[in-house]
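For reference, the chains in residue letters:
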Amino acid sequence: MENTISSLQQEINDFEFIAPADLEAFRLRYTVRKGLIAALFSQLKSVDPAEKPRIGHLLNELKRTADAKLSDAEQKLAPIKIDSNKRIDLTLPGRRYFTGSEHPVQKVLGEMKKIFSDMGFSIATGPELELDHFNFDMLNFPPDHPARDMQDTFFITDGNLESDVLLRTHTSPVQVRVMLDQKPPIRVICPGKVYRNEAISARSYCVFHQLEGLYIDKNVSFADLKATIYSFARQMFGADVKLRFRPSFFPFTEPSAEVDVTCYLCGGKGCRVCKKSGWLEIMGCGMVHPNVMRNCGIDPETWSGYAFGMGVDRTVLLRYKIDDIRLLFENDLRMLRQFTV
Ligand code: PHE
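Peer 1: Just to check I follow, could you spell out the overall build of the protein chain for this structure?
Peer 2: Assigned secondary structure in the protein chain consists of 12 helices and 10 strands. Taking 2.2 N^0.38 as the reference for a compact globule, 341 residues should give roughly 20 Å; the C-alpha atoms of the protein chain span a radius of gyration of 41 Å, well beyond that estimate. Reported as C-alpha extents along the three principal axes, the dimensions of the protein chain are approximately 125 × 55 × 40 Å. Of all intrachain contacts in the protein chain linking residues separated by at least 6 positions in sequence, the fraction that spans at least 24 positions is 67%. Roughly 19600 Å² of accessible area belongs to the protein chain as shown, and the carbon and sulfur atoms make up 52% of that amount. Charge separation in the protein chain, taken as the distance between the mean sites of 44 positive and 44 negative side-chain charges, equals 7 Å.

Structure below.
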C-alpha cells in the first residue's frame, strides 16, 4: 500500500499539464470519486489497524498534493474561460430590438380622428380607385372643369381606351358615397390617401393624405362650421391659435372658404415656413352645395350641412420638422426608426 502511494505520488509529481485537455485527463485519473486516489482510500479498511493512521496520513497528503496541482494547473491553463467570465459587463444595457412603430402620418391622423370622434363624428372610408362620376360629376364639377385635366388627375386607362376610373384627387367622393348610403343627420370624417399628377418635389408629392368632414342636419349654419373648426384647431395646434377664413370657391360648397391658422412655428410673427405671412393654410370648407345634396337624394330645403377637407401631410412635416415630403412615402427605415416609441 505504501509503495502504491509513493509511486502514485511520483506519477502525480511527474504529470505535465500542457494543454487544457490534460486538466480533464488528470481529474479523471486521480481526483474524481472513481479515480485512483479514491480507490486507495477504499482499500484503507483492510490495512492493519496499527498502520492505519500513518497510511491514512500519507493518503491525505497524496490527495492534497493532487488537488493543489490540479487547481494550480487550472489557473494557468484555463485563462480563456476565466477571462470570458470577466468580459461579461453586467452594467451594459440589454440589446434593443426594433419592434416597428406607427408611421408619423398615422400618428397625426390618429390625433385628428380622436379630436373629431370626441365631437361625435364617426369614420367613413371609400375606395382610392374611384369613378369619375363620384370624384367630379356628383360633386357638381362642370364637365370642362380644369381639375379633370390629365395634368392633375391620374386616369386609369384600359389600353388606349379611356375609362371612367381614376385615382381619387380628394376625399370628397367619400362624402357622396356616405350621403347616398345614409339618411341625415350625418356626421362623418373620411381620412385617406389622395393622388394628384403633379411635379414631385420636396414640397409636393403625387400622393398625400386628406381628412374630409361632413355634417348634415336641420339648420346647420356656417357658424356651426366655424365653431367646429375652431374647436379642432385649438386642440390640434394649441389654445392660442387664431383662424382666418378667406372666401374661396369649390364646386361642391357654397359659400366656400379656405382656412388659415396662425403659423405655429413662429406664433404668427412671420418665418420661412409661413413665408413671412404669419399664416398657414390648413383646409378648404363650405356649406354643402344644394346640387350635391340633390344629386345624393337629400332635400336641400329640409337639410343643410357643411363640409371641410384638410391636408394632413403638411402638419406632419411641421410637427416633426421634416423638410421633404418625399420622406413620408419612401419607407426608409433610417427615417421610420426615429419614430419608435
Ligand atoms: N376637396 C377639397 C380639396 O381637395 C377640399 C374641400 C373639402 C373643400 C370639403 C370644401 C369642402 O381641395
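Peer 1: Would you mind going over the pairing of strand β7 (residues 243-250) with me for this structure?
Peer 2: In summary, the side chains of a regular strand alternate between the two faces of the sheet. As paired elements, β7 and strand β8 (residues 253-262) share 7 bridges and run antiparallel to each other. Looking at β8, one finds that L243 is bridged to V261. Taken together, β7 and the strand that follows it, β8, pair antiparallel across an intervening segment of 2 residues.

Peer 1: Honestly, the sheet that holds strand β5 (residues 186-195) in this entry has me stumped. Any pointers?
Peer 2: The strands that make up a sheet are held in pairs by hydrogen bonds between backbone atoms, and each pair lies either parallel or antiparallel. Across the sheet, 7 strands lie side by side as β1-β5-β6-β10-β9-β8-β7; this open sheet has mixed pairing. Looking at the sheet topology across the chains shown, the edges are occupied by β1 (122-123) and β7. Running at roughly 5° to strand β6 (residues 207-217), helix α6 (residues 104-118) makes contact with β1, β5, β6 and β10 (304-311) of the sheet.

Peer 1: Help me understand the site of the ligand in this model?
Peer 2: If you check the shell around the ligand, you find 14 residues, and the closest are H170, S172, R196, Q210 and G309. The side chain of S172 places a nitrogen or oxygen atom 2.9 Å from a nitrogen atom of the ligand. Q210 has a polar side-chain atom sitting 2.9 Å from an oxygen atom of the ligand. Considering the ligand on its own, with 320 Å² of exposed area, one finds that the protein chains cover 90% of that surface. Put simply, the parts of the chain that give the shell around the ligand at least two residues each are α8 (172-181), β6, β9 (279-288) and β10. A total of 3 residues in the shell around the ligand trace back to one element, the largest contributor, which is β10. Taken together, the residues that form the shell around the ligand break down as 5 nonpolar, 7 polar and 2 charged.

Peer 1: Got a minute to help me understand the pattern of salt bridges in this structure?
Peer 2: Pairing is possible between side chains that carry opposite charge, provided their charged atoms lie close to one another. A complete count under the given rule lists 15 salt bridges for this structure. Across the pair R54 and E51 runs a salt bridge whose closest N-O atoms are separated by 2.7 Å. Between E130 and R177 there is a salt bridge; the shortest N-O distance is 2.7 Å. Residue E130 is located in strand β2 (residues 129-131), and its partner R177 is located in helix α8; the two are separated by 47 residues in the primary sequence.

Peer 1: Before we go on, may I ask you to explain helix α9 (residues 222-237) in this structure?
Peer 2: Within an α-helix, residues lying three or four positions from one another point in the same direction, as the helix has 3.6 residues per turn. Given a rise of 1.5 Å per residue, 16 residues ought to cover 22 Å, and the 22 Å separating the end C-alpha atoms of α9 matches this to within 8%. Burial in α9 covers these residues: L225, T228, I229, F232, A233, M236 and F237. An end-on view of α9 places all buried positions within 130° of arc, on one side of the element. Elements in contact with the buried residues of α9: α6, β7, β8, β9, β10 and α11 (313-319). Among the residues of α9, the N-terminal cap falls to S221, whose side-chain oxygen and the backbone nitrogen of A223 are separated by 3.2 Å. In the segment just after α9, G238 is the residue with positive phi, at about 120°.

Peer 1: Can you help me understand the packing of helix α3 (residues 36-43) against helix α4 (residues 52-77) in this one?
Peer 2: Each pair of packed helices can be described by the angle between their axes along with the distance between the axes. The geometry of α3 relative to α4 is characterised by a closest axis approach of 10 Å and an angle of 165° between their N-to-C directions. Here α3 lies roughly antiparallel to α4, going by the angle between them. Between α3 and α4 the crossing geometry is left-handed. For the pair formed by α3 and α4, the contact residues are I37, L40 and F41 on the first element and L59, N60, L62, K63 and A66 on the second. Of the residues assigned to the contact of α3 with α4, the class counts are 6 nonpolar, 1 polar and 1 charged.

Peer 1: How should the pairing of β5 be read in this particular structure?
Peer 2: Burial of β5 is extensive: 8 of the 10 residues sit out of reach of the surface. Bridge analysis of β1 against β5 gives 2 bridges, and the strand direction is parallel. Pairing of S122 across the sheet is with V188, part of β5. Bridge analysis of β5 against β6 gives 10 bridges, and the strand direction is antiparallel. Along β6, the bridge assignment pairs R187 with Y215.

Peer 1: Would you take a moment to explain the nonpolar core for this structure?
Peer 2: Core analysis: the largest hydrophobic core is formed by 49 residues, its most contacted members being L211, F232, F308 and L328. Setting aside its immediate chain neighbours within four residues, L328 contacts H103, P104, V105, D313, V316, L317, I322 and M335. Listed in part, the 24 residues of the second largest apolar core include M138, V176, V188 and I216.

Peer 1: Hey, could you run me through the packing of aromatic side chains in this one?
Peer 2: When we look at a pair of aromatic rings, we describe it by the centre distance and by the angle of the planes. Counted under the stated rule, the structure contains 19 aromatic pairs. Arranged with centres 5.2 Å apart and planes meeting at 25°, the rings of F116 and F308 form a pair that is stacked. Pair noted here: F116 is in helix α6 and F308 is in strand β10, with a separation of 192 residues, a long-range link. This pair shows no difference in class: F116 is buried, exactly as F308 is. Ring centres 6.2 Å apart and planes at 85° place the aromatic pair F232 and F237 in the edge-to-face group.

Reading the values: the criteria
Residues numbered from 1 in each chain as written. Predicted model: local features only at pLDDT ≥ 70, side-chain atom pairs only at ≥ 80, totals over all residues. Heavy atoms only, no water. Helix = DSSP H or I, 4+ residues; strand = E, 2+ residues; numbered from the N terminus. Rg over C-alpha atoms; globule rule 2.2 N^0.38 Å. Contact = heavy atoms within 4.5 Å. Areas by Shrake-Rupley, 256 points an atom, 1.4 Å probe, with all protein chains shown as cover. Lys, Arg positive; Asp, Glu negative; His and termini not counted. Charge placed at Lys NZ, Arg CZ, Asp CG, Glu CD. Pairing = 2+ DSSP bridges. Axes fitted to C-alpha atoms, helices over the stretch in contact; angles between N-to-C directions. Near = heavy atom within 4 Å. Polar contact = N/O pair within 3.5 Å; in protein donor to acceptor, adjacent residues only side chain to side chain. Nonpolar A, V, L, I, M, F, W, Y, C, P; charged D, E, K, R; others polar. Salt bridge = Lys/Arg side-chain N within 4 Å of Asp/Glu carboxyl O. Expected span 1.5 Å × (residues − 1). Buried < 20%, exposed > 50% of the residue type's maximum accessible area, 1.4 Å probe, protein only. Arc of directions from axis to C-beta. Parallel < 35°, antiparallel > 145°, perpendicular 65-115°, else oblique. Left-handed = near helix turned anticlockwise from the far one by under 90°. Core = buried A, V, L, I, M, F, W, Y, C linked by side-chain atoms within 4.5 Å. Phe/Tyr/Trp six-rings, centres within 6.5 Å; stacked < 30°, edge-to-face > 60°.

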